[in-house]
Amino acid sequence: MKKMLASYFWITVGCVIYAIAFDWLFVPNQIGFGGITGIGQILNYYIPALPIGVVVIVLNIPLFLLGWKFLGAHLLISSLYAMAVSSVLMDIFASMFTFQPMDMVLASVFGGVLIGASLGIVFAHGATTGGTDLAARLLKIPFAWLPVGKLLMVVDMAVLVVIVAAFRSLESGLYGLIALYIQGIVMDMVLYGLDQSKVAYIISRVPRETIQAIDRELDRGVTILHGEGAYSGQDKQVLMCAFKQREIVALKSLVFELDPDAFIIVCATHEVTGNGFAAYTKNEV
């Protein structure tokens with residue numbers, strides 16, 4: 001129960017950020033917004049009495065029925081909550097405040113940052129805000145290797161084309177494209193970039209002592225890869241070790257204290273799953 005309440009708290013925080021960013025940065029500047037919210041933006045432009053939030057809720061019904069079949073009840077319920085909260089908040093904030101237009105570049109950049117961060121928070125806690133967010137989550141099933149931010153970007157670009165035609169403004173679509181690109185980057189950073197993990201490949205003259213030191217001082221496992229020196233033809237043991245970013249200084253210190261002539265390659269990585277790192281979750285984003 002405590003874990004579930006914490007998840008819904010962060011989903012609510014994400015929805016608040018989402019609604020504020022949309023009403024403050026996208027609507028008054030007529031910057032194109034992807035997805036079903038973008039369609040609601042178009043309809044509201046031609047029929048001001050039609051609230052965007054209501055349009056979003058109505059158009060989401062078929063997608064949620066599809067989501068029930070493929071994603072299960074848990075994600076559907078949390079997504080219904082997120083969609084309802086974000087949609088209602090959009091209409092509430094729009095009725096309470098009159099946001100003034102600002103510099104389009106600032107609006108598109110910071111709009112992309114805030115929307116990307118809010119969607120990343122919502123996705124990370126097992127929900128979507130409906131619309132193309134839910135469509136991207138559904139596409140994640142057959143295209144599991146693709147980052148969800150990139151999937152969402154592809155889906156939303158189609159709506160941007162419609163927005164350009166509806167607003168008869170190429171600028172609206174271009175600024176919307178800037179916001180969409182930044183949104184995808186920030187969302188993937190929130191979902192995947194917080195896992196600041198590295199992988200080191202170590203070639204040392206004292207591999208056994210190095211393994212023992214890493215195990216003793218860093219409590220990290222090491223895998224031995226068998227290699228051969230291309231020039232010398234000698235057999236070599238290449239040590240592969242996954243570790244956290246904060247441990248890089250300690251790892252290098254251990255290796256070079258034991259063998260000043262050691263050779264290390266450190267590679268950036270993410271989504272490290274297993275003992276000492278993230279736990280595997282079925283249908284994760």
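Residues numbered from 1 in each chain as written. Predicted model: local features only at pLDDT ≥ 70, side-chain atom pairs only at ≥ 80, totals over all residues. Heavy atoms only, no water.

Remarks on the packing of helix α9 (residues 207-218) against helix α10 (residues 248-258)
Relative to each other, α9 and α10 sit at 145 degrees, their axes nearing to 10 Å. Crossing angle aside, the handedness with which α9 passes α10 is right-handed. Contact with α9, carried on its side by E209, T210, A213, I214, E217 and L218, involves A250, L251, L254, V255 and L258 of α10 and no other residues of that element. When its residues are assigned to classes, the contact of α9 with α10 shows 8 nonpolar, 1 polar and 2 charged. (Axes fitted to C-alpha atoms, helices over the stretch in contact; angles between N-to-C directions. Helix = DSSP H or I, 4+ residues; strand = E, 2+ residues; numbered from the N terminus. Left-handed = near helix turned anticlockwise from the far one by under 90°. Contact = heavy atoms within 4.5 Å. Nonpolar A, V, L, I, M, F, W, Y, C, P; charged D, E, K, R; others polar.)

What to know about the environment of Q30
Its place among the elements puts Q30 in the loop between α1 (2-26) and α2 (35-46). Spatially, the C-alpha atoms of Q30 and S169 are 9.3 Å apart, while their sequence positions differ by 139 residues. Discounting chain neighbours no more than four positions away, the residues touching Q30 are Q41, Y45, F167 and S172.

Considering α10
Within α10, burial applies to I248, L251, L254 and V255. Seen along its axis, α10 keeps its buried residues to an arc of 130 degrees; they face one direction. More than 90 degrees from the buried face of α10, the exposed residues found are V249 and E257. Residues of α10 that are buried in the fold lie against β1 (197-203), α9, β3 (235-244) and β4 (263-269). (Buried < 20%, exposed > 50% of the residue type's maximum accessible area, 1.4 Å probe, protein only. Arc of directions from axis to C-beta.)

Thoughts on the sheet that holds β4
Hydrogen bonding along the main chain pairs the strands of a sheet, whether they run parallel or antiparallel. Taken together, 4 strands build an open sheet; the order of strands is β2-β3-β1-β4 and the sheet is antiparallel. Whereas interior strands pair on both sides, the edge strands pair on one side only; in this sheet they are β2 (223-228) and β4. When strand polarity is set aside, the average angle formed by the axes of neighbouring strands in this sheet is 25 degrees. Across 6 bridges, the pairing between β2 and β3 is antiparallel. If you follow G227 over to β3, its bridge partner there is K236. Packed onto the sheet, α9 meets β1, β2 and β3 and runs at close to 10 degrees relative to β3. (Pairing = 2+ DSSP bridges.)

Quick word on the pattern of salt bridges
The full count for this structure, using the stated rule, is 4 salt bridges. We note a salt bridge from R205 to D259, for which the minimum N-O separation is 3.1 Å. Of the two residues, R205 sits in the loop between β1 and α9 while D259 sits in the loop between α10 and β4, which places them 54 residues apart along the sequence. With relative accessibility at 61%, the residue R205 sits in the exposed group. Given a relative accessible area of 2%, D259 falls into the buried group. With a shortest N-O distance of 3.3 Å, E217 and R216 are connected by a salt bridge. One continuous salt-bridge network, built from bridges that share partners, spans R205, D259 and D261. (Salt bridge = Lys/Arg side-chain N within 4 Å of Asp/Glu carboxyl O.)

A few points about the side chain of S86
For S86, the position within the fold is in helix α4 (residues 73-96). Residue classification places S86 among the buried residues on the basis of a relative accessible area of 2%. Those residues within four positions of S86 in sequence are excluded, and the remaining contacts are C15, Y18, A19 and T129.

Some points on the packing of aromatic side chains
Evaluation of the coordinates by the stated rule reveals 4 aromatic pairs. Seen in terms of ring centroids, F97 and F99 are 5.9 Å apart; in terms of plane orientation they differ by 50 degrees. Their pairing is tilted. Given the relative accessible area of 26%, F99 is considered partly exposed. (Phe/Tyr/Trp six-rings, centres within 6.5 Å; stacked < 30°, edge-to-face > 60°.)

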